[in-house]
Amino acid sequence: MSGHERGKTVGELPSPGGAESRVPLLLTRVVWSLWAGSLVALVGHLVSGWSWAFPGVVAVDGLTVVMWATVTFFSGIVHSYSRRYMAGSRYVDRFFGGVFAFTLVVMALVAADSAVLFGLAWLAMGLVMAELIGAIRGWPQARTAAAFARRYFLASSALVGLALGTLWWDTGATTIGGMASALGASPSVPVLFAAGALLLAAMIQSALLPFHSWLLASMTAPTPASALMHAGFVNAGGILLVRFAPVATVDSRVMLAVLLVGAASALGGKLLKSVQSDVKGQLGCSTVGQMGFMLMQAGLGFFGAAITHLVLHGFYKAYHFLASGGQVAHESPAESAPREVPGPLGVAVIGLTALAGGGVFVALTGKGTGLDSGLLLTLLVVLTVMHAAREVVAAASVPTAVRYGAVPLVAIPALAIYAAFFNVVAGLLAGLPAVGGPAELTVVHGLVAVAFVVAYLAIESGAYRYSTRLYVALVNTTYAPAGTLLTSTEEYNEH
């Protein structure tokens, strides 16, 4: 279809004296004002333990203030970025209205104590995000992707509603705090049913396997909306489990289920990323894996670690989506930066740095010092540092002395900063019920640890590349529905 057959939805950038809409500027200023207020609330809670509640409706606690500060900051960045990105679009006011509405809904969600308010906010969050995915109404693919994602979000909302209704029926409480207080020491069948429904809802919202298709189909969303989706929306699964930690921790089998589904997505997302050739597709598969890590940490009993991961991953993914245009390679594969296989000295640097990083994490957080799930959390930290260190050591374009020296000099302080941030977040969540204790070690934890070590060795050595069947399976798993794919350059040009 040529541009002569249909008018373009994007025109020239408005001139400074033109009659441009004031909505983007107004909403951008409001969001940054909300961030300033959230920052004041966060500091007040840290310094004096300040909290506030409207009984039966909202309760502002440690989770609320840290999420308010995080969400409004990301939203402010997206608003500011979008003023240029969406300039000249006929959908600019609708887009800004959607992003602003999403911000308010999430702020209400993390403050909600009323079960009804929480359920309605969860539903509204999904509906608003579906609208942002389909923001470019002129693309049939965008409308299809929005409808596809909306079905997933409605299913997630139905599961949350079912869980809340079941907990109300079992406990008689209409608030989240009341439900937590009314739970008995031994889990009842309704509570276990509610826990299963909440876990499924978290998996859908966080795009964990096998519910990742909606995320990979959402690439029709404007890039700022994708940044908000990957930095904020998918984190809702972690928030759900933290807010309902008394339900998730009521039975060790539920926590093991959370651990297993998180581990499956953490490993699966890494493999799915390896077969992606486009930048946003790689970022999408990366999100699937990172959300798996987030749920794993919750399943280990470290809800503070899950929120820490949520916040830091949000910064990482927001930056990479907003900078995705600059990540497109401008050379042929033969001209890519050379890589080298680390020799004995390189292996020693990588291994010692990883062990030192794990030691710093243990020393500063106290996790991993006993025979509990903290050992598995520490193993994940060690493997993460080892992977990052190997990436640096293998960069042959950088002088050897610089590479080998930079690895410990960067990794160790970075781990110290991460551990300090983890401690701050854990302190903020300390007043929430059932979020403070690690899980007891089981055979399942051991099997998960072995699976991660084997997967690390297979990925780092490239052994997985030799399986044609695995490659085909991964490619098939990453296919988005056909109706959501833009395949013609002219389709981009017209919108």
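Residues numbered from 1 in each chain as written. Predicted model: local features only at pLDDT ≥ 70, side-chain atom pairs only at ≥ 80, totals over all residues. Heavy atoms only, no water.

Considering the overall build of the protein
Argument step 1. If you tally the helices and strands in the protein, you get 20 helices and 2 strands.
Argument step 2. Here the protein holds 495 residues, and 51% of them are scored as buried.
Argument step 3. Looking at the protein as shown, the accessible area adds up to about 21400 Å², and 67% of this sits on carbon and sulfur atoms. (Helix = DSSP H or I, 4+ residues; strand = E, 2+ residues; numbered from the N terminus. Buried < 20%, exposed > 50% of the residue type's maximum accessible area, 1.4 Å probe, protein only. Areas by Shrake-Rupley, 256 points an atom, 1.4 Å probe, with all protein chains shown as cover.)

A look at helix α13 (residues 279-299)
Residues spaced three or four apart along an α-helix point in a common direction, a consequence of the helix completing one turn every 3.6 residues.
Argument step 1. The end-to-end C-alpha separation of α13 is 30 Å, in line with the 30 Å expected for 21 residues at 1.5 Å each.
Argument step 2. Burial runs high along α13: 19 of the 21 residues are buried.
Argument step 3. Directly beyond the C-terminal end of α13, a positive phi value near 95 degrees is found at G301. (Expected span 1.5 Å × (residues − 1).)

Structural notes on the nonpolar core
Side chains of nonpolar character tend, in soluble globular proteins, to be buried together.
Argument step 1. Counting 109 residues, the largest nonpolar core has F118 and W214 as its most contacted members.
Argument step 2. Tallying contributions element by element places helix α3 (residues 92-111) first for this core, with 12 residues.
Argument step 3. Core analysis: the second largest hydrophobic core is formed by 28 residues, A305, F361, L376 and V382 among them. (Core = buried A, V, L, I, M, F, W, Y, C linked by side-chain atoms within 4.5 Å.)

Things to note about the packing of helix α7 (residues 189-205) against helix α10 (residues 236-243)
Two quantities define a packed helix pair, namely the angle between the helix axes and the distance between the axes.
Argument step 1. Packing of α7 against α10 brings their axes to within 7 Å, and their N-to-C directions diverge by 160 degrees. One way to sum up the angle between α7 and α10 is to call them roughly antiparallel. Residue-level contacts link L198, A201, A202 and Q205 of α7 to A236, G237, L240 and L241 of α10. (Axes fitted to C-alpha atoms, helices over the stretch in contact; angles between N-to-C directions. Parallel < 35°, antiparallel > 145°, perpendicular 65-115°, else oblique. Contact = heavy atoms within 4.5 Å.)

Examining the pattern of salt bridges
Argument step 1. Inspection of every chain in the model, using the stated rule, returns 3 salt bridges.
Argument step 2. A salt bridge links R243 to D61; the shortest N-O distance between them is 2.7 Å. Note that R243 is positioned in helix α10 and D61 in the loop between β2 (58-60) and α2 (62-85), a separation of 182 residues in sequence.
Argument step 3. Residue class for R243 comes out buried when judged on its relative accessible area of 11%.
Argument step 4. E131 serves as the salt-bridge partner of R150, at 3.1 Å between the closest nitrogen and oxygen. Taken together, the residues R150 in helix α5 (residues 140-171) and E131 in helix α4 (residues 115-133) connect sequence positions 19 residues apart.
Argument step 5. Classification of R150 as partly exposed rests on a relative accessible area of 24%. (Salt bridge = Lys/Arg side-chain N within 4 Å of Asp/Glu carboxyl O.)

What about the packing of aromatic side chains?
Argument step 1. If you walk through the whole model with that rule in mind, you get 18 aromatic pairs.
Argument step 2. Measuring from ring centre to ring centre gives 4.8 Å for F153 and W214, while their planes differ by 80 degrees; the resulting arrangement is edge-to-face. Taken together, the residues F153 in helix α5 and W214 in helix α8 (residues 213-216) connect sequence positions 61 residues apart.
Argument step 3. For F153, a relative accessible area of 2% translates into the label buried. (Phe/Tyr/Trp six-rings, centres within 6.5 Å; stacked < 30°, edge-to-face > 60°.)

Topic: a nonpolar patch on the surface
Argument step 1. Nonpolar side chains collect at one region of the surface, where L39, V43, L46, V47 and V424 lie side by side and expose about 420 Å² of accessible area between them.
Argument step 2. The greatest single-element share of the nonpolar patch, amounting to 4 residues, is contributed by helix α1 (residues 23-48).
Argument step 3. Inspection of the secondary structure puts V47 in helix α1.
Argument step 4. Note on V47: relative accessible area 68%, which makes it exposed. (Patch = residues over 30% accessible without salt bridge, like charges linked within 9 Å, V, L, I, M, F, W, Y side chains within 5 Å.)

Quick word on unusual backbone geometry
Argument step 1. Cis peptide bonds are those with omega within 30 degrees of zero, and the linkage from L209 to P210 qualifies with 5 degrees.
Argument step 2. Mapped onto the secondary structure, P210 falls in the loop between α7 and α8.
Argument step 3. Here the phi dihedral of A207 falls at roughly 60 degrees; this positive angle occurs in a residue that is not glycine.
Argument step 4. Its place among the elements puts A207 in the loop between α7 and α8.

Describing the environment of V234
Argument step 1. In this structure, V234 sits in the loop between α9 (223-231) and α10.
Argument step 2. By relative accessible area, which is 0% here, V234 ends up buried.
Argument step 3. When the C-alpha positions of V234 and T287 are compared, they lie 8.3 Å apart, and in sequence the two are 53 residues distant.
Argument step 4. With residues up to four places along the chain from it excluded, the contact list for V234 reads Q205, S206, W214, L215, M229, T287, M291 and M294.

Quick notes on the confidence of the model for the protein
Argument step 1. Scored by pLDDT, the protein has a mean of 84; 89% of the residues are at 70 or more.
Argument step 2. Across residues 1-18, where pLDDT falls below 50, the model places 31 contacts with residues more than four positions away in sequence or in other chains. (pLDDT = per-residue confidence, 0-100.)

Thoughts on the packing of α2 against α9
Argument step 1. At a closest axis distance of 9 Å, the pairing of α2 and α9 adopts a crossing angle of 170 degrees. By the criterion of interaxial angle, the relationship of α2 to α9 is roughly antiparallel. Here F74, S75, V78, Y81, S82 and Y85 of α2 lie close against α9, whose contacting residues are T223, P224, A227, L228 and A231.
Argument step 2. Residues of the contact of α2 with α9, tallied by class, amount to 8 nonpolar, 3 polar and no charged. (Nonpolar A, V, L, I, M, F, W, Y, C, P; charged D, E, K, R; others polar.)

Structural notes on the side chain of S373
Argument step 1. Tracing the chain through its elements places S373 in the loop between α15 (344-365) and α16 (374-393).
Argument step 2. Using a relative accessible area of 0% as the deciding quantity, one classes S373 as buried.
Argument step 3. With residues up to four places along the chain from it excluded, the contact list for S373 reads L300, F302, P438, A439, L441 and H445.

Quick word on the environment of A217
Argument step 1. By the element assignment, A217 lies in the loop between α8 and α9.
Argument step 2. Residue classification places A217 among the buried positions, given a relative accessible area of 2%.
Argument step 3. In the structure, A217 is positioned 84 residues away from I133 in sequence and 9.3 Å away in space, judged by C-alpha atoms.

Section: the side chain of T308
Argument step 1. Residue placement: T308 occurs in helix α14 (residues 303-322).
Argument step 2. Judged by relative accessible area, T308 falls into the buried class, the value being 0%.
Argument step 3. At 2.8 Å, the side chain of T308 and the backbone oxygen of G304 are in polar contact.
Argument step 4. Apart from residues lying up to four places away in sequence, T308 is in contact with Y418, F421, F422 and V425. (Polar contact = N/O pair within 3.5 Å; in protein donor to acceptor, adjacent residues only side chain to side chain.)

Concerning α3
Argument step 1. The end-to-end C-alpha distance of α3 is 29 Å, a good match for the 28 Å that 20 residues give at a rise of 1.5 Å each.
Argument step 2. Across the 20 residues that make up α3, a large majority, 14, are buried.

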